[in-house]
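# A look at the structure
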Amino acid sequence: MARLKIENLYKAYGATEVLKGIDLEIEDGGFLVLVGPSGCGKSTLLNCIAGLEDVTSGDVVIGERSVTELHPSKRDIAMVFQSYALYPNMTVEKNISFGMEIRGVGKSERRAAIEGVADMLQIRELLKRKPSQLSGGQRQRVAMGRALVRDPQVFLFDEPLSNLDAKLRVDMRTEIKRLHKRMGTTIVYVTHDQIEALTLATRIAVMKDGIVQQFGTPDQIYNDPVNMFVADFMGSPAMNLLPGTVVAENGGLMVSLDGHEGEMLLPLPDSDALRGRMGQKIIFGIRPEAFTDPEGADRTSTQLEKRDCFVEVVEPAGSDTFAVVKLGGKSAVARLRADARISPETVTSLAFNMGKAVFFDPDSGERLK
Amino acid sequence: MSGAAQDIAMKGSRATRIIIYTVLILFMIFYLLPLYVMLTNSLKPLDEIRGGDMLALPKNWTIEPWRAAWSYAQIGVEPTGLRPYFINSIFMVVPAVLISTALGALNGYVLTKWSFRGSGLVFGLLLLACFIPFQIVLIPMARILGMLGLAGTTSGLVLVHTIYGLGFTTLFFRNYYAAFPTELVRAAQIDGAGFFQIFWRILAPSSAPIAVVTIIWQFTNVWNDFLFGVSFADFDSIPMTVALNNLVNSSTGVKEYNVHFAGAILAALPTLIVYIVSGRYFVRGLMAGAVKG
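Residues numbered from 1 in each chain as written. Chains lettered and ligands numbered in written order. Predicted model: local features only at pLDDT ≥ 70, side-chain atom pairs only at ≥ 80, totals over all residues. Heavy atoms only, no water.

### Considerations on the domain arrangement of chain A
How big an interface is tends to be stated in terms of accessible area lost as the parts join. All names here are of chain A. The line we're drawing: How far each domain reaches was decided by an automatic or database domain assignment. The contact criterion used is simple: two residues touch if any of their non-hydrogen atoms lie within 4.5 Å. Values labelled buried area give the accessible surface lost by two parts on being combined, using a 1.4 Å probe and summing over both.
By domain assignment, chain A separates into domain 1 (4-233) and domain 2 (240-368). Here the C-alpha centre of domain 2 lies 38 Å away from the C-alpha centre of domain 1. Contacts between the two partners involve ten residues from domain 1, matched on the other side by ten residues from domain 2. Summed over both partners, the interface of domain 1 with domain 2 buries about 890 Å², with 50% contributed by carbon and sulfur atoms. The largest per-residue losses of area from domain 1 upon contact with domain 2 belong to Tyr-222, Met-228 and Ala-231, which jointly make up 54% of the total buried on that side.

The structure is reproduced here in structure tokens:
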């Protein structure tokens, strides 16, 4: 177990820069999730940590030791690959013990380690089988077993759940979280699935174009995004990002949105950044769950604002009902209670929880606080 | 009604089937005819052949032509039969095939999994070997064999065939390993396996299909080669193909067609056996399960 530190890491393939100065640190026993759209450099970063790719410049530190120049096998890491990468010609048992065999661990010791891992992951009855005889979920378990048996300083997971079907993915997600609790080993986990990121992580790094956009706790990332990219990327359904104008009204700041019948005014928090935007366009961001029916709204919030909205479409989704509302010239999604009485093509009163609203500069995408 | 329609469909398909099989059988007869002629005539006494009818079955069956071709027919000046040359060919083919296949596998492994700056160029140059006509290299090759002291030896022929085969064996293995999941190599690296350990423990066990293809290809080419054999072999390293040529050309008055036919079949036999034995060895789905669920 150890903390992991990445310092000013650059990676370029020829003239193409893939990682542009990454600085991250995760404490001992932490769970760092690297998340971002495909091509953002998250897998490359993981491979740099693993030592499977050379870094162009910068440093990777595990514990107190710089491992940047070390061979992957000397970094005291274990990795679970997206494709599982089980050796097809070996049984499950051999797959798990291959690394130990290479390192010259004795036979009885290997035996004991295999049994321990097999019990922990409940794969004892699979030990004699070949990978081709396993189901997707079983392969996933074996791949984790191969990593676990190593008892490394840091675990690296490269999109380990992306080849599983939806239900299994949720089960395995819980299982990974449980394993992390139990082992307490530092984990770096790459995914493009923002739900996985939010549920698993103690720290999330949201990446785009080789740059860390925001590095923080899941709560910070979700509720306090630093820019429009992070706000849009995290959360499902995505945050409503609606163009509006800052105006002064009754001595306070207001944002004016295009409603169904003329403008709709919502109060803004009094901040220098927003006051400086008087008369200018901003992006008003509100998550679907902060934009809901008055009965279902957060009663502890002191900044509930009820407005009449024109509901275009209603989408019942079992646990929730989603209402699509025309607002600010865009389709905004409101998340209502499952049994909310609402019908399409009608005007309904909906509550905006302005305490949860965020604002962005429309050009740079930066947050306005 | 539907039954009647089915009947018509069945009849239609039966008619096309009959046509297809007739054509196939005709082709088969066409292709098998030379083998039939060779076999039947190799089992006849010579005067029966000279009597005219090449297609008739032997009246007096005899295996004498086979014994002659194998052990006492006149090859050049020696009445040794083809046997010593058959052995020469074996001593040439087996090492040449094994070495070129092993090196091709290593090349393919390096070119796909340890690719380096300029590895594409190296592969391109190796591929060039597939397109260079044999005749062009004869004289330089003779010089080099002379300089190495390998002129006229079986080892020299092994070297020539290994070098010439490398282009193809590398091509086969490179294309096969290009589809081999690189994540397996990475996993093995993290497990601490070295260059050769990864090759032996991870790639080689999954290489049977392409190894069989390569071995069939190399065996056939090296065994059937005439030009290198006739150019670089000395008296005691002459391969089967050259000996067969000598057998046919060194007649003592009469052309012993029956012996020639038997010799020709003997010369073709090893490649036939390799095809029959390993052609069936068709491994499928070896990689299934390594990747994806």
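What follows continues from the structure just given.
### Some details on the sheet that holds strand 17 (residues 320-327) of chain A
In any sheet, the strands associate via hydrogen bonds between backbone groups, in a parallel or an antiparallel arrangement. All names here are of chain A. Applicable threshold: One bridge is not enough; two strands pair if DSSP finds at least two bridges between them. The helix and strand labels rest on DSSP assignments: H or I over at least four residues marks a helix, E over at least two residues marks a strand, and numbering proceeds from the N terminus.
With antiparallel pairing, five strands are arranged side by side in an open sheet as 15-19-16-17-18. Strand pairing shows two members of the sheet lacking a second neighbour, strand 15 (291-292) and strand 18 (330-337), which therefore form its edges. Where strand 15 meets strand 19 (residues 346-353), two bridges bridge the pair, whose relative direction is antiparallel. Across the sheet, residue Thr-292 finds its bridge partner in strand 19, namely Ala-351.

### Regarding the pattern of salt bridges
Residue and element names in this part refer to chain A. Note the cut-off: By definition, a salt bridge exists where a carboxyl oxygen of Asp or Glu is found within 4 Å of a side-chain nitrogen of Lys or Arg. The classification of residues rests on relative accessible area computed with a 1.4 Å probe and restricted to protein chains. Under 20% of the type maximum is buried, over 50% is exposed, and intermediate values are partly exposed.
This model, assessed by the stated rule, comprises 26 salt bridges over all chains. Notably, a salt bridge pairs Glu-159 with Lys-42, separated by 3.9 Å at the nearest N-O pair. Here Glu-159 is found in the loop between strand 7 (154-158) and helix 5 (166-183), whereas its partner Lys-42 is found in helix 1 (residues 42-50), with 117 residues between them in sequence. Here Glu-159 matches Lys-42 in class, with each residue buried.

### Quick notes on the sheet that holds strand 14 (residues 281-286) of chain A
Within the open sheet, the six strands sit side by side as 13-12-11-14-20-21 (chain A). Their pairing is antiparallel. In this open sheet, the two edge strands, each paired with only one partner strand, are strand 13 (263-267) and strand 21 (367-368) of chain A.

### Thoughts on the pairing of strand 1 (residues 4-13) of chain A
Residues and elements named next belong to chain A. As paired elements, strand 1 and strand 4 (residues 57-62) share five bridges and run antiparallel to each other. Bridging across to strand 4, Leu-4 finds its partner in Ile-62. By the bridge criterion, eight bridges tie strand 1 to strand 2 (residues 16-26) in an arrangement that is antiparallel. Bridging across to strand 2, Tyr-10 finds its partner in Lys-20. Between the end of strand 1 and the start of strand 2, which pair antiparallel, lie two residues, with Gly-14 showing a positive phi angle near 60°.

### Focus on the packing of helix 4 (residues 83-113) of chain B against helix 7 (residues 154-178) of chain B
Residue and element names in this part refer to chain B. Heads up, the condition is: Between N-to-C directions, angles cover 0 to 180 degrees, with each direction set by a line fitted to C-alpha atoms, over the stretch in contact for helices. Working rule for handedness: look at the near helix, and if it is turned counterclockwise from the far one by less than a right angle, call the crossing left-handed; if clockwise, right-handed. Gly counts as polar in this scheme, as do all residues outside two lists: the nonpolar Ala, Val, Leu, Ile, Met, Phe, Trp, Tyr, Cys and Pro, and the charged Asp, Glu, Lys and Arg.
Following both chains from N to C, one finds helix 4 and helix 7 inclined at 35°, their axes separated by 6 Å at the closest point. The way helix 4 lies across helix 7 gives a crossing that is right-handed. Residues of the contact of helix 4 with helix 7, tallied by class, amount to 15 nonpolar, twelve polar and two charged.

### As for the interface of chain A and chain B
Condition: Polar contacts here mean pairs of N or O atoms no more than 3.5 Å apart (in protein, one a potential hydrogen donor and the other a potential acceptor; neighbouring residues in sequence count only if both atoms are side-chain atoms).
Each partner contributes residues to the interface: chain A has 33 residues there, and chain B has 23 residues. With both chains or domains summed, chain A and chain B bury close to 2,400 Å², and 57% of this area falls on carbon and sulfur atoms. The three residues of chain A that bury the most area against chain B are Tyr-87, Pro-88 and Ile-102 of chain A, which together make up 22% of that side's buried surface. Residue Glu-101 of chain A is joined to Arg-201 of chain B by a salt bridge in which the shortest nitrogen-to-oxygen separation is 3.2 Å. At the junction of chain A with chain B, the criterion picks out seven residue pairs in polar contact (both at pLDDT 80 or more). Elements with a contribution of two residues or more to the side of chain A that touches chain B: helix 1, strand 6 (77-80), helix 2 (92-102) and helix 4 (136-148) of chain A. By residue number, the principal contributor to the side of chain A that touches chain B is helix 2 of chain A, which donates four residues.

### Describing the packing of aromatic side chains
Residues and elements named next belong to chain B. Defined as follows: Each Phe, Tyr or Trp ring (for Trp, its six-membered ring) is paired with any other whose centre lies within 6.5 Å, and the angle between the two planes then decides the class: stacked below 30 degrees, edge-to-face above 60, tilted in between.
Taken as a whole and assessed by the stated rule, the structure comprises 29 aromatic pairs over all chains. Taking the centre distance of 5.6 Å and the plane angle of 75° together, the rings of Phe-30 and Tyr-31 count as edge-to-face. Judged by its relative accessible area of 58%, Phe-30 is exposed. Exposure remark for Tyr-31: the relative accessible area of 62% places this residue in the exposed category. Here Phe-172 and Trp-217 contribute two aromatic rings whose centre-to-centre distance is 5.9 Å and whose plane-to-plane angle is 90°, an arrangement assigned as edge-to-face. Linking Phe-172 in helix 7 with Trp-217 in helix 10 (residues 208-224), this pair joins segments that are 45 residues apart in sequence.

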